[in-house]
Every structure is written in C-alpha cells, then in structure tokens.
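# Remarks on the overall topology
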Amino acid sequence: MPLQKVTLHKLKMRLKFPFRTSFGTIQDKEFFIIEAMDDKGNNGFGESVSFSSPWYTEETTATNEHVMKDFLIPLLKGRPINHPDDITETFRVIRGNNMAKAGIEGAIWDLYAKQRGETLATALGGIKKEIDVGVSLGIQPDINDLLADIDNHLKQGYKRIKLKIKPGQDLEILQEVRQHFPDTPIMADANSAYSLQDSDHLKKFDGLNLMMVEQPLAHDDRLDHAKLQKEIQTPICLDESIHSYDDARHAIELGSCKIINVKIGRVGGLTEAKRIHNLCQEKDVPVWCGGMLEAGVGRAHNIALTTLPNFTLPGDTAGSSRYWEKDIIKPEVEVQDGTITVPTNSGIGYEIDREALKSFRVGCYEYEV
Ligand code: OSB
Ligand code: MG
C-alpha cells in the first residue's frame, strides 16, 4: 500500500470536567493526531493516547513526540507496506513506546481501509453493526454528586457504570451506590492502588455483586493478581498489566484475571489488540474496549475494534459530548440507549473537522516517507 507523507498534529484540548483517578487528575490533554497520506488523496488518521504525565504508563506526550519523530517515522521511509500488520513488525526493533507506535499504526490502518473502500471495522474482521457502551466516572468528593452523576448516565442509557476507587474512597461508596442502584451493572477500577496486603479488604467487595474489579494491584504485576483472584469472588479485570499478546497469555495461564480490558494504545496498535482478542476468544475470556479520554479519532478506532465478536462487555467508549464541548470529527460520536451505531463510511467512518482540528492545534510537523 502506497504511503507518501505523515503529518503530526499536536493538539491541546480541555475536558469538560477534571477526571479523578487513584493516580491523579486529568483535565487538559495534549496529544497527537497522526495523519498518513498516499499519492491519491487518501488520508488515514490515528491518535496517540498518552497523557502529559507518566501516571498511567511510562509514556507521555513528549516521549510520544520524540519516539515518533526520531525513531518510528524514519523506520517507515522507503519501506514497502503490504498490510498494516507489517507495521507491528517494522516497529518491533523499538522497545516499548506502545502508544507512540499505535498512533502511527492506527493512521495506516485507516488509510488501508480507505484505499480498499471499506470500513475500518470490516478491514479488522469486525461484525457488529452497533456496540454497547458504558461510562467511566472519576472519583468524586461528594457522594451525592456521584449518585446524581450515575443517575444521569443511566437515564442516558449507558449499559454499565464504572467507578474509580482508591483506598479510603472505596467500600463505603460502593455499598452506598449499590443500595441506590440494586440492579445496575457496576464495576470498580482501582488503577493499581492496592497491594496483596489489602486482600482482606478487597474480599469485602464480594457481597456487592460487581461485574469486576479492574487492576487492583501493581501496574506491572500478574503473579499477585493470580493470588488475589484465588482469594476473592469478584472477577479481576486487567488493564495496566497487559501490554502484549504474551502478557495476556501469561495472565490467562496464571489465572491473574477473568476479563481483559483491551486498549489499542497500551498494546501497541490494532494488530496486537486483535491478536489479544482472538486469544481471549479461544480461552473463553471476555474482553471490552477501554478508553483513554480520547478525542474523536481515537474514539472511532475504539468503535471499530469493538465490532469484533469477543467484545461482549460494554466498553468505556462514551459519546463525544461526555468529554468535549467540541470534538474534532463530523459527525460527533453519539450514544443512544447505551449503543453506538457503527459508521458505514470507509475507514474510521467519521470525517475530520479540519476547522476544529486547527483551532486546537499547537504544533504541526510533516514528513515525506
Ligand atoms: O484506567 O481505564 C482507565 C482514563 C484515563 C486513564 C486510565 C483509565 C481511564 C478511564 C476513562 O477509566 C476511560 C474513558 O472514558 O475514556
Ligand atoms: Mg483502567
């Protein structure tokens, strides 16, 4: 597949609300939209999903910029690409930096689908025409605000509620929420805030009928999660711990989790995300698509990935208006009755709103490849 030029658009966007997690609070996002062009006027788009601080993984917007400019884009120069899967191989010589890799790989997947005149979902082998979505709610100082927020999102139709937790802001809040919403699918995400010493405390979640507890232990652990899973009934879902197919294979073999949250950026791209999906399908481990508070391009990639059949649980791909006053795609992502209709135009299926893109842009760098 011909590739001529790669452009990095550096954007700065402000979320409608500060998003609080156990690792810190995010409101201002700086990130890259990657545009890959061929010689026939096709443009593919990807989004690098790291944050400005290395709280969730070690990558940051600045490391993404460095690695894309100085290592990944030069690797594309003069290298023939038959299929987007080749990009994963090409990038293998660079260790880690999965979000930087995924941003470029995503743009090339979108370009590939557009060159073939098919949707990104179809190019990936996806089958769903609509996808179920949930919402991830940050830690809130006031329980009444949280209860109102949950109520508001349930009224909008979201199919499950994910609550961020941390030590001291966990059990009692979850108990209160469960009392108010006895039948709602609820899960909790700890973002690595606990250790194995908290097993007895985490065991107290057993009575709450949670769908799962996400990443309770260390960001790089699989062994202790396996020990914890033997102690508690709530299914463990791994997020931070899974960076690759092999991480997923090890976690399943060890019994570290019963569910996996797949994030395209965290695992280095759509090709690896699909391999993890296929493995999990084979092993009867359900998966769902996580979120990184993405703008429209990243959101569109998440939607396409979620059309694969083993994405059986609602993901964190909420609608554009949850996050942004204005998104960078046309139309914006809309959630109706907790579902998103998968777009049918080629590639990611949404158009880039060039005016919006420019209004958020703080840098732009072009490379011939
Ligand atoms: O752990 O899933 C997470 C946001 C930023 C970093 C990590 C996580 C999250 C979310 C929000 O939970 C997902 C979203 O709404 O995009
Ligand atoms: Mg998580």
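Residue indices follow the written sequence of each chain, beginning from 1 at its first position. In the order they appear in the text, chains get letters beginning with A and ligands get numbers beginning with 1. Given that the model is predicted, a residue must reach a pLDDT of at least 70 before its local features are reported, and side-chain atom pairs must reach 80 or more before they are shown or counted; all residues, however, enter totals for whole chains, interfaces and linings.

## A few points about the sheet that holds strand S3 (residues 43-48)
Sheet strands pair via backbone hydrogen bonds, and the direction of the pair is either parallel or antiparallel. We apply this condition: When DSSP finds at least two bridges between two strands, those strands are taken to pair. Here a strand is any run of E in DSSP of at least two residues, a helix any run of H or I of at least four, and the numbering for each starts at the N terminus. Only the contacting stretch of a helix is used when fitting its axis, a line to C-alpha atoms as for every element, and angles between N-to-C directions run 0 to 180 degrees. Residues are defined as contacting one another if the C-beta atoms placed from their backbone atoms lie within 7 Å.
Across the sheet, which stays open at both edges, the four strands sit in the order S3-S2-S1-S15 with antiparallel pairing between neighbours. In the strand order of this sheet, the two ends are held by S3 and strand S15 (361-368), each with one partner. The average angle at which neighbouring strand axes cross in this sheet is 25°, direction not considered. Across seven bridges, the pairing between strand S1 (residues 5-21) and S15 is antiparallel. Within S15, the residue paired with Thr7 across the bridge is Glu366. Packed on one face of the sheet, helix H3 (residues 98-116) meets strand S2 (24-37) and S3 and runs near 155° to S3.

## Things to note about the environment of Glu118
Where we set the bar: Comment: burial labels come from other C-beta atoms within 10 Å of the residue's own C-beta, placed from the backbone, where a count of 20 or more is buried, 12 or fewer is exposed, and between is partly exposed.
Following the sequence through the fold, Glu118 ends up in the loop between H3 and helix H4 (120-124). According to the C-beta neighbour criterion, Glu118 is partly exposed, with 15 such atoms within 10 Å. Expressed as a C-alpha distance, the spacing of Glu118 and Thr344, which sit 226 residues apart in the sequence, is 8.3 Å.

## Describing the sheet that holds strand S6 (residues 161-164)
On the basis of which strands lie adjacent, the open sheet formed by seven strands has the order S5-S6-S7-S8-S9-S10-S11 and parallel pairing. The two strands at the open ends of the sheet, each matched to only one other strand, are strand S5 (135-137) and strand S11 (287-289).

## What about the nonpolar core?
Quick reminder of the rule: In this description, a nonpolar core means buried residues of the types Ala, Val, Leu, Ile, Met, Phe, Trp, Tyr and Cys, linked to one another by C-beta atoms lying within 7 Å. Domain boundaries shown here were taken from an automatic or database domain assignment.
Core analysis: the biggest nonpolar cluster contains 104 residues, and Ile34 and Ile260 have the highest contact counts within it. In terms of residues, this core owes the most to one element, H3, which gives 10 residues. Per-domain counts for this core show at least three residues from each of domain 1 (5-117 + 351-368) and domain 2 (123-341). With near-sequence residues (within four places) excluded, Ile34 lies in contact with Val6, Leu8, Phe45, Gly46, Ser48, Gly103, Ile104 and Ala107.

## Thoughts on the environment of Asp206
Position of Asp206 relative to the elements: it lies in the loop between helix H7 (199-203) and strand S8 (213-214). Taking the C-alpha atoms as reference points, Asp206 and Thr234, 28 residues apart in sequence, are found 5.6 Å from one another. For Asp206, the residues in contact, after removing those within four places along its chain, are Ile232, Gln233 and Thr234.

## A short note on the UniProt feature "domain: Mandelate racemase/muconate lactonizing enzyme C-terminal" (unreviewed entry) in the chain
Defined as follows: UniProt positions are given in the numbering used here, feature names are shortened, and annotations may be inferred rather than shown by experiment.
Mapped onto the present numbering, the UniProt feature "domain: Mandelate racemase/muconate lactonizing enzyme C-terminal" (unreviewed entry) falls at residues 143-235. Along residues 143-235 one finds 40% helix and 11% strand; the C-alpha atoms at either end are 25 Å apart.

## Points about the domain arrangement of the chain
Domains assigned within the chain are domain 1 (5-117 + 351-368) and domain 2 (123-341). If you average the C-alpha positions of domain 1 and of domain 2, the two centres end up 23 Å apart. Each partner contributes to the interface: domain 1 provides 37 residues, whereas domain 2 provides 33 residues. Sorting the residues of the side of domain 1 that touches domain 2 by element identifies S1, S2, S3, helix H2 (85-91), H3, strand S14 (351-352) and helix H14 (354-359) as the ones contributing at least two each.

## Things to note about the packing of helix H9 (residues 245-254) against helix H11 (residues 270-282)
Here is the rule: Each angle is binned into one of four classes, with values under 35 degrees roughly parallel, values over 145 roughly antiparallel, values of 65 to 115 roughly perpendicular, and all other values oblique. In this scheme the handedness of a crossing depends on how the near helix is turned from the far one: anticlockwise by less than a right angle means left-handed, clockwise means right-handed.
With their axes 9 Å apart at the nearest point, H9 and H11 run at an angle of 20° to one another. Judged by the angle between their axes, H9 and H11 are roughly parallel. The handedness of the crossing between H9 and H11 comes out as right-handed. Counting all contacts with H9, which are made through Tyr245, Ala248 and Arg249, the residues of H11 involved are Glu272, Arg275, Ile276, Leu279 and Cys280.

## Focus on the UniProt feature "binding site: Mg(2+)" (unreviewed entry) in the chain
The UniProt record annotates "binding site: Mg(2+)" (unreviewed entry) at Asp189, Glu214 and Asp239. For the annotated residues, spread through 51 residues, the largest C-alpha to C-alpha distance comes to 9.2 Å, consistent with a single compact locus. In this structure, Glu214 is in contact with Met187, Ala188, Asp189, Ala190, Cys237, Asp239 and Asn261, ignoring residues within four places of it in sequence. Tracing the backbone through its elements, the reader meets Asp239 in the loop between strand S9 (236-238) and H9.

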